[in-house]
Amino acid sequence: MPVILHRPLPAIQELQAEGLAVSYAPQKKGKYSIGILNLMPNHAETERHWLRLFANLKDTVEIHFLRLSSWRPKTAEVKHLVQFYEPLTLESDFDGLLITGAPLGHKEYEQVPYWDELKEVFDMCSYYATATLYSCWAANAALHHYYNIPRRLRGRKISGIYEHRIIRRHALIEHMEPGVQFPHSRFAEARQTQLFAHPEVRVLMQAPNAGAFYAVDEPRRRAYIFGHPEYEADTLQKEFKREFQKGIEPLPPEYYFVDSETFELPLPHWQEDGSKLLQNWINYWLK
């Protein structure tokens, strides 16, 4: 069904070229309004990733990309944010709120320039929206803020396409089957044993080689996804090249290339399941 945007993001034309129903329609409303607080530095790429998943839902959704109200990045992305994003303020009111990841795996939370403002956002999530979905870095940051769960830096980055186990059946993971594959990409994680120590946080899916993928705090309508169902086929490859150029000496993503000699990329088969996860989230908490 269509995705409606009230600002003319550059991603609209790209997705329309793929045959997706994504449109700029300032006066139209969707059945559900979703705010996306995008913390990724490459805003346009992340917009494309998530809009593609939302465009494959059964319901018409109205998407608003959001920025923190006071913090400004010291990059060329400022112009993009001002032109296409709305500030997240006390006047914001959405059915659902999604907070993206951020490439901050080696930083302590208190070293993040916008940490104080993000903590305020975490505290106000139930005011801004009926339910909140936290992705990757934001998921770990929220666990730290809400439950004082520390994160652990890994000896090597978790990067690859991993098969997942169903730990607990739940409406949020309806239509997910054991062995379903999703990308993971992170340097740090919350230990599953620490998640299990909090009875209000239930792990629904996990990958034996990558850890928890999906957890939920049902009473507070908080969902945590630690992987990347929104990634495109070449996203992990791009990350690998960037880290190599920075001198990090990363290992190649695991279970990723179709042919390890030619570096043939996989088809992004996980995106269909990513759309199912978003549809489940809407069906369970927003309807």
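About the criteria used
All chains use their own residue numbering, which begins from 1 and follows the written sequence. In view of the model being predicted, local features appear only for residues whose pLDDT reaches at least 70, and side-chain atom pairs are presented and counted only at 80 or more, with totals across whole chains, interfaces and linings using the full set of residues. Side-chain numbers come from the whole structure's heavy atoms, not from hydrogens or water. UniProt positions are given in the numbering used here, feature names are shortened, and annotations may be inferred rather than shown by experiment. Numbering of helices and strands starts at the N terminus; helices are DSSP runs of H or I of at least 4 residues and strands are runs of E of at least 2. By the convention used here, residues are in contact when the closest approach between their heavy atoms is within 4.5 Å. Here's how the labels work: a residue is buried when its accessible area is under 20% of the maximum for its type, exposed when over 50%, partly exposed in between, all with a 1.4 Å probe on protein chains only. Think of a polar contact as two N or O atoms within 3.5 Å of one another; within protein, one of them needs to be a possible hydrogen donor and the other a possible acceptor, and neighboring residues in sequence only count if both atoms come from side chains. Put simply, the grid is 1 Å and covers the protein atoms alone, a cavity is a trapped set of points that fit a 1.4 Å probe, a pocket is an open set with protein on both sides within 12 Å along at least five of seven lines, and lining residues have an atom within 4 Å of a point. Grid points are joined across faces, edges and corners, and a volume is the space filled by probe spheres set on the points. Three classes are used: nonpolar for Ala, Val, Leu, Ile, Met, Phe, Trp, Tyr, Cys and Pro, charged for Asp, Glu, Lys and Arg, and polar for all others, with Gly counted as polar.

Colleague: I'd love a proper account of the UniProt feature "site: Important for acyl-CoA specificity" (unreviewed entry) in the protein, names of residues and values included.
Modeller: The UniProt feature table records "site: Important for acyl-CoA specificity" (unreviewed entry) at Gly105. For Gly105, the location among the structural elements is in the loop between strand 6 (94-99) and helix 4 (115-128). Residues within four places of Gly105 in sequence aside, it is in contact with Arg151, Leu153, Phe187 and Ala188.

Colleague: Can you tell me about the side chain of Ser185, naming the residues and giving the values?
Modeller: One can find Ser185 in strand 10 (residues 181-190). With a relative accessible area of 8%, Ser185 lands in the buried category. Looking at Ser185, its side chain comes within polar contact range of the side chain of Lys157, at 3.2 Å. Beyond its immediate chain neighbours, meaning those up to four positions away, Ser185 contacts Cys136, Lys157, Ile158, Ser159, His228, Tyr231, Leu236 and Glu239.

Colleague: Residues and numbers for empty space enclosed by the protein, please.
Modeller: Rolled over the atoms, a probe as big as a water molecule pinpoints where empty space is left. Throughout the structure, instances matching the rule amount to two cavities of 30 Å³ or more. Computed from the structure, the largest cavity encloses a volume of approximately 50 Å³. Lining of the largest cavity is provided by Leu5, His6, Arg7, Leu9, Ile63, His64, Phe65, Phe84 and Glu86. Examining the composition of the lining of the largest cavity, we find that three residues originate from one element, strand 4 (residues 61-67), more than from any other. If you add up the space inside the second largest cavity, you get close to 40 Å³. Together, Asn140, Arg186, Glu189, Ala190, Leu195, Gly211, Ala212 and Phe226 line the second largest cavity. Of all the secondary structure elements, the ones that give two or more residues to the lining of the second largest cavity are strand 10 and strand 12 (211-217). Per-element accounting of the lining of the second largest cavity gives the leading share, three residues, to strand 10. Taken together, the residues that form the lining of the second largest cavity break down as four nonpolar, two polar and two charged.

Colleague: Pulling in residues and values, what's your account of the UniProt feature "binding site: substrate" (unreviewed entry) in the protein?
Modeller: Residues annotated in UniProt with the feature "binding site: substrate" (unreviewed entry) correspond here to Lys157, Ser185 and Arg242. With the annotated positions falling across 86 residues, the maximum pairwise C-alpha distance of 13.7 Å places them together in a single cluster. The annotated residues contributing to the lining of the largest pocket are Lys157, Ser185 and Arg242. In this structure, Lys157 sits in strand 8 (residues 151-163). Residue Lys157 is classed as buried on the basis of its relative accessible area, which comes to 13%. Residue Arg242 is classed as partly exposed on the basis of its relative accessible area, which comes to 42%.

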